[in-house]
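Structure at a glance
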Amino acid sequence: MRSKQELEAAIRTEGRAVLVVNARSRRGRRLFGSARRMLAEAGIEFDQVYPVTDPARLTEIFTDVLALEPDLVVVGGGDGTIAAAVSHLTHRDIALGVLPLGTTNNFSRSLELPQDLRRAVTTLREGKVADVDVGWFTGTHPKATGAANGGTANGGTADGVGPDERHIFANMVSLGLSVEVARNVPHGLKRLAGRAAYGLTAVRLLPQHEAFKATIRIGDETQELLTHQLNVANGAHHSGKRIARDASPDDRLLAVYRLGDERRLRLASATARHMLTGQWRSLNEDAFLTTDEVQIVTEPPMAVDVDGEIRGLTPVTVKLLGNALRVIVPQSFIDT
């Protein structure tokens, strides 16, 4: 592995660069042409460009990208596209550059990147290479499809439970109402309303949502709670808003927090407080548990949202991988 300074020097001189843009993301399809023009005007050239029209091909595309042995991979899209990139670039001698073209852009906000496309391109040209934390998630594989009558399918066992799901993630692991929102938010509404689409969908689903019991284990300490929403954050943003003023993807901490308790109105008020006051809150407050590893068990077992994708079931283990990902960030970003 080169030092960050050596990698940055390679990028600025004769380094190889690749561009991957999710042309189906909220802004990707509309701004792909503008992004190409702005990147060219900034003097950023690419050995290969991948406009992605089928997100199911992202794994295949990133396999091809790695075969090119680039120094820089610039990815345009939302948090789901960025999460796919992070899973392939973690622990590699490659820098990730981000063009925020999604709906909430939580990871790019956590990197303190401008949300304006032209300024984001400027950051790619004038920023620095930093190394930040990512998370590692392990959960139970959902019941295998077709595993009825004692048979197995898709690698599952006779009881329909397959091998563990393991994923590297950039921003957040979530349980509860947000999983139902991720499953049910209309894509058309996302394109029309942006971040507000998630809130509108949550309001529609909340009256029928049931609270759940979660057992949280950190080291030798165990805590039980009732809630409608539980999050484990590596990044600093949730729903496009800061979770705490001192949260960072470079602080070697996972932040575990719930929104409200078993009462639905408490979830609504806690979410509003998060949206309005997160920039002034601190991870030192009682609302947060901070750690580098946490185990979570729920009653009943529940689906888990990992950076916007449903991945496995509880029980889950979430670990921190410190300084595991190299990224292009503004010069003002504090790199620890």
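What comes next is a walk through the structure. This is a predicted model, so every value here is computed, not measured. (Residues numbered from 1 in each chain as written. Predicted model: local features only at pLDDT ≥ 70, side-chain atom pairs only at ≥ 80, totals over all residues. Heavy atoms only, no water.)

1. Here we look at the pairing of strand β3 (residues 72-77)
For β3, the tally of buried residues reaches six of six residues, placing the bulk of the element in the interior. Along β3, one buried face is formed by Leu72, Val74 and Gly76 and the opposite face, lined by Val73, Val75 and Gly77, is buried too. Sheet analysis places strand β1 (residues 17-22) next to β3, joined by five bridges and oriented parallel. Paired with Leu19 across the strands is Val74, a residue of β3. Sheet analysis places β3 next to strand β4 (residues 95-100), joined by six bridges and oriented parallel. Across the sheet, Gly77 pairs through a bridge with Pro100, a residue of β4. Note on the crossover from β3 through helix α4 (residues 79-89) to β4: the handedness is right-handed. (Buried < 20%, exposed > 50% of the residue type's maximum accessible area, 1.4 Å probe, protein only. Helix = DSSP H or I, 4+ residues; strand = E, 2+ residues; numbered from the N terminus. Pairing = 2+ DSSP bridges. Right-handed = clockwise from strand over helix to strand, strands pointing away.)

2. Brief notes about helix α6 (residues 117-126)
Taken together, the buried positions of α6 are Leu117, Ala120, Val121, Thr123 and Leu124. The buried residues of α6 occupy an angular sector of 155° when projected down its axis, which confines them to one face. In this structure, the buried side of α6 is in contact with α1 (4-12), α2 (28-41), β3, β4 and β17 (309-329). For α6, the side-chain oxygen to backbone nitrogen distance between the N-cap and Arg118 is 3.3 Å, and the N-cap itself is Asp116. (Arc of directions from axis to C-beta. Contact = heavy atoms within 4.5 Å. Polar contact = N/O pair within 3.5 Å; in protein donor to acceptor, adjacent residues only side chain to side chain.)

3. Concerning the environment of Leu101
Relative to the elements of secondary structure, Leu101 occurs in the loop between β4 and α5 (106-110). The exposure class of Leu101 is buried, given its relative accessible area of 0%. Once the C-alpha coordinates of Leu101 and Asn22 are considered, the two residues, 79 residues apart in sequence, prove to be 8.3 Å apart.

4. What about the pairing of strand β10 (residues 229-233)?
Of all the five residues making up β10, five are buried; the element is thus mostly covered by neighbouring parts of the structure. Neither face of β10 is open: one carries Gln229, Asn231 and Ala233, the other Leu230 and Val232, and all of them are buried. With five bridges connecting them, strand β7 (residues 172-176) and β10 associate as antiparallel partners. Along β10, the bridge assignment pairs Leu175 with Leu230. Here four bridges tie β10 to strand β13 (residues 254-258), and the two strands are oriented antiparallel to one another.

5. Brief notes about the packing of helix α3 (residues 58-67) against α4
Where α3 meets α4, the axes come as close as 10 Å, and the angle between the chain directions of the two elements is 45°. Relative to α4, the element α3 lies oblique. Considering the relative orientation of α3 and α4, their crossing is right-handed. On α4, the residues that touch Leu58, Thr59, Phe62 and Leu66 of α3 are Thr81, Ala84, Ala85, His88 and Leu89. A class-by-class count of the residues in the contact of α3 with α4 yields six nonpolar, three polar and no charged. (Axes fitted to C-alpha atoms, helices over the stretch in contact; angles between N-to-C directions. Parallel < 35°, antiparallel > 145°, perpendicular 65-115°, else oblique. Left-handed = near helix turned anticlockwise from the far one by under 90°. Nonpolar A, V, L, I, M, F, W, Y, C, P; charged D, E, K, R; others polar.)

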